[in-house]
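Secondary and tertiary structure notes
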Amino acid sequence: MTVQGRGSGSGTDVLIRKVDSHLATLRTGLHGPELELAEELARCLRELVVATAHSSAADRGLVRAAVHYFVLRRESRGKLLPVRSLAAAQRVVNKAVRQLGRTDLLVEAPRRDRSAPDPALR
């Protein structure tokens, strides 16, 4: 009799569906560099979910936390609970990537369009 691990396949599928569903929602309201960042975060998270499907519980928990941080953006209630930015999600995802030793998956900030003037140079 073989003992199977706790449903890693279904847990993996659930996390990937959450990422894909959230990305679909973001696609309706984001454009340009913000959308590029959201898509890159989603790609990275999908890859981490698959890569850690059979890893330790700690590694899977780290990835699950990063997915939830990306997906569960709080609604703004005045100045008390601001909506989480994609930049904040990027920091969380990149921290998980570093902890897992997968620096090949680091999410870089999207490059600005060269035709648009850089506001910092004004």
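Attention here is on the structure that accompanies the text. Keep in mind the model is a prediction, meaning the values are calculated, not measured. (Residues numbered from 1 in each chain as written. Predicted model: local features only at pLDDT ≥ 70, side-chain atom pairs only at ≥ 80, totals over all residues. Heavy atoms only, no water.)

1. Notes on the side chain of Thr52
Mapped onto the fold, Thr52 is located in the loop between helix H2 (32–51) and helix H3 (57–71). Once residues within four sequence positions are removed from consideration, Thr52 is found in contact with Asp59, Arg60, Val63 and Leu100. (Helix = DSSP H or I, 4+ residues; strand = E, 2+ residues; numbered from the N terminus. Contact = heavy atoms within 4.5 Å.)

2. Re helix H4 (residues 86–99)
Compared with the 20 Å implied by 1.5 Å per residue over 14 residues, the 20 Å span of H4 between its first and last C-alpha is a close match. Looking only at H4, the buried set comprises Leu86, Ala88, Ala89, Gln90, Val93, Asn94, Ala96 and Val97. Immediately downstream of H4, the backbone of Gly101 shows phi near 70 degrees, a positive value. (Expected span 1.5 Å × (residues − 1). Buried < 20%, exposed > 50% of the residue type's maximum accessible area, 1.4 Å probe, protein only.)

3. Considerations on the environment of Val14
In this structure, Val14 sits in helix H1 (residues 8–27). Along the chain, Val14 and Val49 lie 35 residues apart, while their C-alpha atoms are 10.0 Å from each other.

4. Structural notes on the packing of H2 against H4
Two numbers describe how H2 lies on H4: the axes approach to 10 Å, and their chain directions differ by 25 degrees. The pairing of H2 with H4 is recorded here as roughly parallel in orientation. The element H2 and its partner H4 pack so that their crossing is left-handed. In this structure, H2 contributes Glu34, Leu37, Ala38, Leu41, Cys44, Leu45 and Leu48 to the contact, and H4 contributes Leu86, Ala87, Ala89, Gln90, Val93 and Val97. Residues belonging to the contact of H2 with H4 are distributed by class as follows: 11 nonpolar, one polar and one charged. (Axes fitted to C-alpha atoms, helices over the stretch in contact; angles between N-to-C directions. Parallel < 35°, antiparallel > 145°, perpendicular 65-115°, else oblique. Left-handed = near helix turned anticlockwise from the far one by under 90°. Nonpolar A, V, L, I, M, F, W, Y, C, P; charged D, E, K, R; others polar.)

5. Comments concerning the pattern of salt bridges
Within the structure shown, the criterion is met by six salt bridges. The partner of Glu39 in a salt bridge is Arg27, and the shortest N-O contact between them spans 3.1 Å. With a gap of 12 residues between them, Glu39 in helix H2 and Arg27 in helix H1 connect regions that are remote in the sequence. The exposure class of Arg27 is partly exposed, given its relative accessible area of 45%. The shortest N-O distance in the salt bridge between Glu47 and Arg43 comes to 3.4 Å. Of this pair, Glu47 and Arg43 both sit in helix H2, four residues apart, which is roughly one turn of the helix. Judged by its relative accessible area of 33%, Glu47 is partly exposed. (Salt bridge = Lys/Arg side-chain N within 4 Å of Asp/Glu carboxyl O.)

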